[in-house]
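Next come the chains, spelled out residue by residue.
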Amino acid sequence: MVPYDEPIYGFSGEKVSTRGYIDLHTIFREASQRKTILIRFLVVDVPTSYNILLGRPSFNTLGAVVSTSHLVMKFPSPSSDILTIHGDQRLARECYMEQRDILAPTLIANTDLFTWSIADLPGIDPQVAVHKLSIYKEARYVSQKKQKSGEERWLTAKIKAKKLLNVGFIEEAHYTTWLSNGPASNKVLNFLDAYSGYNRIPMATTNMNKTTFITNDTNYFYKVMPFALKNACATYQRLMDKVFNHLMGKYVKVYVDDMVVK
């Protein structure tokens, strides 16, 4: 999936944020005849009863004529025959129920295969992947002074820092040469993202002290790679390429933390 952040607007004018887009060869068929076209799907995270919504560009490419009142779509096949697809709401509901009845027992029987908290993740072996910072040798040490901020904001940062500490993502820093006001700036959003469990990639031991940040009463450094770092996505992509090397191109496509399984 390719990142894409332009919003779209719903039927009632509400603004809907997009997560990205993906180009897929989509098959439309009737009996043994079919037609395949390339469609660009925008991916959104919203509650809906639909799997996909097709717009005019897709219908134009397909050459389709749609009758919503009859739940019918007609379009020409590559051999110029007219193919017809009928919608069936009752059958669609039955398919959903059937899929749920098949998947639910399997998921319940294999609950031990899922991680229910970030603490359940075993972490990444440093021999598989480790994150290093690209720093000029002549770069000067930077130690920012603690910025003043509201009590509510610092309390929130303290709570999140405690969560990161409990799962081993960070550790208390005692002697600092590099020091950032991360939690006191807008980058607190990225700081929270690190707790979302996207990775357990360890930081290079020699670079841990360069990720030190300030909270109201303690300084911490990252033991695992936070996504706020400039080259973090490249490291994560290299890890995914290693993990799914034997599957990529066949069954799996990976773009950073987004995966598509065929």
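Conventions we followed
- Residues numbered from 1 in each chain as written.
- Predicted model: local features only at pLDDT ≥ 70, side-chain atom pairs only at ≥ 80, totals over all residues.
- Heavy atoms only, no water.
- Phe/Tyr/Trp six-rings, centres within 6.5 Å; stacked < 30°, edge-to-face > 60°.
- Helix = DSSP H or I, 4+ residues; strand = E, 2+ residues; numbered from the N terminus.
- Buried < 20%, exposed > 50% of the residue type's maximum accessible area, 1.4 Å probe, protein only.
- Pairing = 2+ DSSP bridges.
- Patch = residues over 30% accessible without salt bridge, like charges linked within 9 Å, V, L, I, M, F, W, Y side chains within 5 Å.
- Areas by Shrake-Rupley, 256 points an atom, 1.4 Å probe, with all protein chains shown as cover.
- Salt bridge = Lys/Arg side-chain N within 4 Å of Asp/Glu carboxyl O.
- 1 Å grid on protein atoms, 1.4 Å probe; cavity = no way out; pocket = protein on both sides within 12 Å on 5 of 7 lines; lining within 4 Å.
- Points joined across faces, edges and corners; volume = space filled by probe spheres on them.
- Nonpolar A, V, L, I, M, F, W, Y, C, P; charged D, E, K, R; others polar.
- pLDDT = per-residue confidence, 0-100.
- Contact = heavy atoms within 4.5 Å.
- Core = buried A, V, L, I, M, F, W, Y, C linked by side-chain atoms within 4.5 Å.
- Expected span 1.5 Å × (residues − 1).
- Polar contact = N/O pair within 3.5 Å; in protein donor to acceptor, adjacent residues only side chain to side chain.

(A) Spatial organisation of the packing of aromatic side chains. In the structure shown here, the tally under the stated rule is 2 aromatic pairs. Here the aromatic rings of Y4 and Y21 are separated by 5.9 Å at their centres, their planes lie at 80°, and the arrangement is edge-to-face. Of the two residues, Y4 is situated in the loop between β1 (2-3) and β2 (8-9) and Y21 in strand β4 (residues 18-30); the sequence distance between them amounts to 17 residues. Judged by relative accessible area, Y21 falls into the buried class, the value being 17%. Ring geometry for F28 against F75: centres 6.1 Å apart, planes inclined by 70°, an arrangement best described as edge-to-face.

(B) Region of the structure containing the pairing of strand β11 (residues 219-222). Note that strand β9 (residues 170-172) and β11 share 3 bridges and pair antiparallel. Paired with E172 across the strands is Y220, a residue of β11. Between strand β10 (residues 213-214) and β11, which pair antiparallel one after the other, the connecting turn spans 4 residues.

(C) Quick look at the sheet that holds β11. If you walk across this open sheet you meet the 3 strands as β9-β11-β10, and the pairing is antiparallel. One side of each edge strand has no neighbouring strand; the edge strands of this open sheet are β9 and β10.

(D) Structural detail: a nonpolar patch on the surface. Side chains of L103, L107, L113, F114 and W116 sit close together on the surface and give an oily, nonpolar patch of about 610 Å² of accessible area. Overall, F114 belongs to the partly exposed group, its relative accessible area being 41%.

(E) Region of the structure containing the layout of surface pockets. Roughly 2,500 Å³ of volume is contained in the largest pocket. Lining the largest pocket are 49 residues, with Y50, N51, I52, L53 and L54 positioned closest to its centre. Elements represented by at least two residues in the lining of the largest pocket include exactly β2, β4, β5 (33-44), α1 (56-62), β6 (65-67), β7 (72-76), β8 (82-86) and α2 (89-109). Residue classes in the lining of the largest pocket are distributed as 31 nonpolar, 14 polar and 4 charged.

(F) The arrangement of the confidence of the model for the protein in detail. For the protein, the average pLDDT comes to 78, and 81% of its residues sit at 70 or higher. Note on residues 183-198: pLDDT under 50 across the span, and 36 contacts to partners over four residues away in sequence or across chains.

(G) View of the side chain of T26. Tracing the chain through its elements places T26 in strand β4. Taking the relative accessible area as the measure of exposure, T26 reaches 16% and is therefore buried. Residue contacts for T26: discarding those within four places in its chain leaves K35, T36, I37, I39 and F41.

(H) Focus on the nonpolar core. In terms of nonpolar packing, the biggest core is built from 16 residues, with I201, M225, Y236 and M240 touching the most fellow members. With 4 residues, the top contributor of residues to this core is helix α5 (residues 232-243). The next biggest cluster of nonpolar side chains, apart from the first, holds 10 residues, and it includes F28, I37, F41 and L62.

(I) Summary view of α5. Taking 1.5 Å as the rise per residue, α5 with 12 residues should run 16 Å; its terminal C-alpha atoms sit 17 Å apart, in good agreement. Here α5 has its buried residues at A232, T235, Y236, Q237, L239 and M240.

(J) Spotlight on the pattern of salt bridges. Throughout the structure, instances matching the rule amount to 3 salt bridges. The residue R40 makes a salt bridge to D23 at a minimum N-O spacing of 2.8 Å. Of this pair, R40 sits in strand β5 while D23 is found in strand β4, placing the two residues 17 residues apart along the sequence. On the accessibility criterion, R40 (52% relative accessible area) is exposed.

(K) Representation of α2 in the model. A rise of 1.5 Å per residue sets the reference length of α2, with its 21 residues, at 30 Å; its end C-alpha atoms lie 31 Å apart and thus fit the reference within 8%. The N-cap of α2, judged by a side-chain oxygen 3.1 Å from the amide nitrogen of R90 a few residues on, is D88.

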